[in-house]
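Coordinates in review
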Amino acid sequence: MAPVENDRLVLIILAAQVAAVRERIENSETIDLMWRTTDVLARLAGLVPELARRNPGADMERQCTAAIGNMTDISKSLDDMAFVQAQRQDFTRQMADCVAIALARLAAPGNFAPDDLAKLYVCAEQRETHDTALRAFHQQEAAEYSPPSPAGS
Amino acid sequence: MMTTILVLDDSAPMLMSLTRILKNAGYDVETAANGKLGMSKLAGGLKPSVILTDLNMPEMDGIEFIKGARKSAATRFTPIIVLTTESSAKGRDDARAAGATGWLTKPTEPAELLSTVKRLLPSHG
């Protein structure tokens, strides 16, 4: 196989690999587990008053009230954490989308330049990473091609 | 009558999470996975009090959706909040020019989301 064909094939495979990573991100079970835990806690909180009713007493009443309060607090925290986690997951998924599209474009005939890549970005962090990588590349290139300084200077 | 919020996002976990946060706060929630489906809901007679939309979505993105919603008499003045990973000034300007009312950058906290929704509700929640 010609080198160019090999390069194209590698890019196509890499695009598929990134797409698979994206699927894993999208189907992460962490958030679902948080929601399921919240739902279970809500059901348990609903049963606690019944426990208090069947075992009357000031101490039981106090413990049940505290348990409901704790469960409510934990449920809210879990829902809040799931919300933030879902946003981070969405962010990572979009970055993976960008890499998969870029690889597919590289594998297709035609030019694909850094400016074309930049058009795919969906957030400032991607642009910052892009700029940092470009700066590092140019610095390295300048260091490699800078003429040797005169002896003794 | 419950206040209805239309939420658009192409991420299923985001849609579910937003739905839970908003429902827990007492709002009725309708969802759509992209702008095209959101427009279908509006065309079907849905009259949300607030719309919360992502920008980067397949089929029809958030900017096109906002433009479409602003052309409809039913949602011409409905507050539209953009919730997106995009944080550039240009993205914000484009959304504002299309007719967006508010802007939240992901990741945001539930409290910030709810306070923005409440602030923009026609009756101030």
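Refer to the structure printed above.
Residues numbered from 1 in each chain as written. Chains lettered and ligands numbered in written order. Predicted model: local features only at pLDDT ≥ 70, side-chain atom pairs only at ≥ 80, totals over all residues. Heavy atoms only, no water.

Counting its regular elements, chain B contains five helices and five strands. Radius of gyration (C-alpha) of chain B: 13 Å, near the 14 Å computed for a compact globule of 125 residues. Overall size of chain B, expressed as C-alpha extent along the three principal axes, is 30 × 30 × 25 Å. Among the 125 residues that make up chain B, the fraction classed as buried is 53%. Of the contacts formed within chain B by residues at least 6 apart in sequence, a portion of 61% connects residues at least 24 apart. Counting only carbon and sulfur atoms, one obtains 53% of the accessible surface of chain B, whose full area is about 5,700 Å². (Helix = DSSP H or I, 4+ residues; strand = E, 2+ residues; numbered from the N terminus. Rg over C-alpha atoms; globule rule 2.2 N^0.38 Å. Buried < 20%, exposed > 50% of the residue type's maximum accessible area, 1.4 Å probe, protein only. Contact = heavy atoms within 4.5 Å. Areas by Shrake-Rupley, 256 points an atom, 1.4 Å probe, with all protein chains shown as cover.)

Moving on to the nonpolar core. Of all hydrophobic cores here, the largest spans 31 residues; its most connected members are B:Ile5, B:Val7, B:Leu18, B:Leu22, B:Leu52, B:Ile81 and B:Leu113. Of all the elements in the fold, those that place two or more residues in this core are α2 (30-54) and α3 (58-107) of chain A together with β1 (4-8), α1 (12-24), β3 (50-53), β4 (80-84) and α5 (110-120) of chain B. Those residues within four positions of B:Leu22 in sequence are excluded, and the remaining contacts are B:Ile5, B:Val7, B:Tyr27, B:Val29, B:Leu52, B:Leu113, B:Leu114 and B:Val117. Residues B:Leu46, B:Ile51, B:Ile66 and B:Trp103 belong to the second largest nonpolar core, which totals 18 residues. (Core = buried A, V, L, I, M, F, W, Y, C linked by side-chain atoms within 4.5 Å.)

Here the focus is the side chain of B:Ser88. Residue placement: B:Ser88 occurs in the loop between β4 and α4 (89-98). At 3.0 Å, the side chain of B:Ser88 forms a polar contact with the backbone nitrogen of B:Gly91. (Polar contact = N/O pair within 3.5 Å; in protein donor to acceptor, adjacent residues only side chain to side chain.)

Let us look at the interface of chain B and chain A. It is common to give the size of an interface as the accessible area lost on bringing the parts into contact. The partner chain A presents 22 residues to the 25 residues of chain B that form the contact. Summed over both partners, the interface of chain B with chain A comes to about 1,800 Å²; 53% of that surface belongs to carbon and sulfur atoms. Among the residues of chain B in contact with chain A, B:Pro13, B:Arg20 and B:Thr85 are the three that bury the most area, contributing 31% of the side total. Along the contact surface separating chain B from chain A lie five salt bridges. In this structure, B:Arg20 and A:Asp79 form a salt bridge, with 3.0 Å as the shortest nitrogen-oxygen distance. The interface formed by chain B and chain A includes 10 residue pairs in polar contact (both at pLDDT 80 or more). Elements with a contribution of two residues or more to the side of chain B that touches chain A: α1 and α5 of chain B. Element by element, the count of residues in the side of chain B that touches chain A is highest for α1(B), at nine residues. (Buried area = accessible area lost by both parts, 1.4 Å probe. Salt bridge = Lys/Arg side-chain N within 4 Å of Asp/Glu carboxyl O.)

This part is about the sheet that holds β4(B). Residues and elements named next belong to chain B. Taken together, the five strands give an open sheet; going across it, the order is β2-β1-β3-β4-β5, and neighbouring strands pair in parallel fashion. Both outer strands of the open sheet, β2 (28-32) and β5 (102-105), are each paired with one neighbouring strand and no more. For this sheet the average axis-to-axis angle between neighbouring strands, irrespective of direction, equals 20°. Pairing of β3 with β4, which is carried by three bridges, proceeds in the parallel orientation. Pairing of Leu52 across the sheet is with Ile81, part of β4. (Pairing = 2+ DSSP bridges. Axes fitted to C-alpha atoms, helices over the stretch in contact; angles between N-to-C directions.)

This part covers the environment of A:Ala16. Along the chain, the position of A:Ala16 falls in helix α1 (residues 3-26). Distance in space between the C-alpha atoms of A:Ala16 and A:Val122 is 21 Å, their sequence separation being 106 residues.

Another aspect to go through is the pattern of salt bridges. Residue and element names in this part refer to chain A. Taken as a whole and assessed by the stated rule, the structure comprises 22 salt bridges over all chains. Among the ionic pairs, Arg36 bridges to Asp32, the shortest N-O distance being 3.6 Å. Of this pair, Arg36 and Asp32 both sit in helix α2, four residues apart, roughly one helical turn. Take Asp32: its relative accessible area is 36%, and that puts it in the partly exposed class.

Another aspect to go through is the environment of B:Ser88. Among the residues examined, B:Ser88 registers a relative accessible area of 19% and is labelled buried. Separated by 21 residues in the primary sequence, B:Ser88 and B:Glu109 have C-alpha atoms spaced 19 Å apart.

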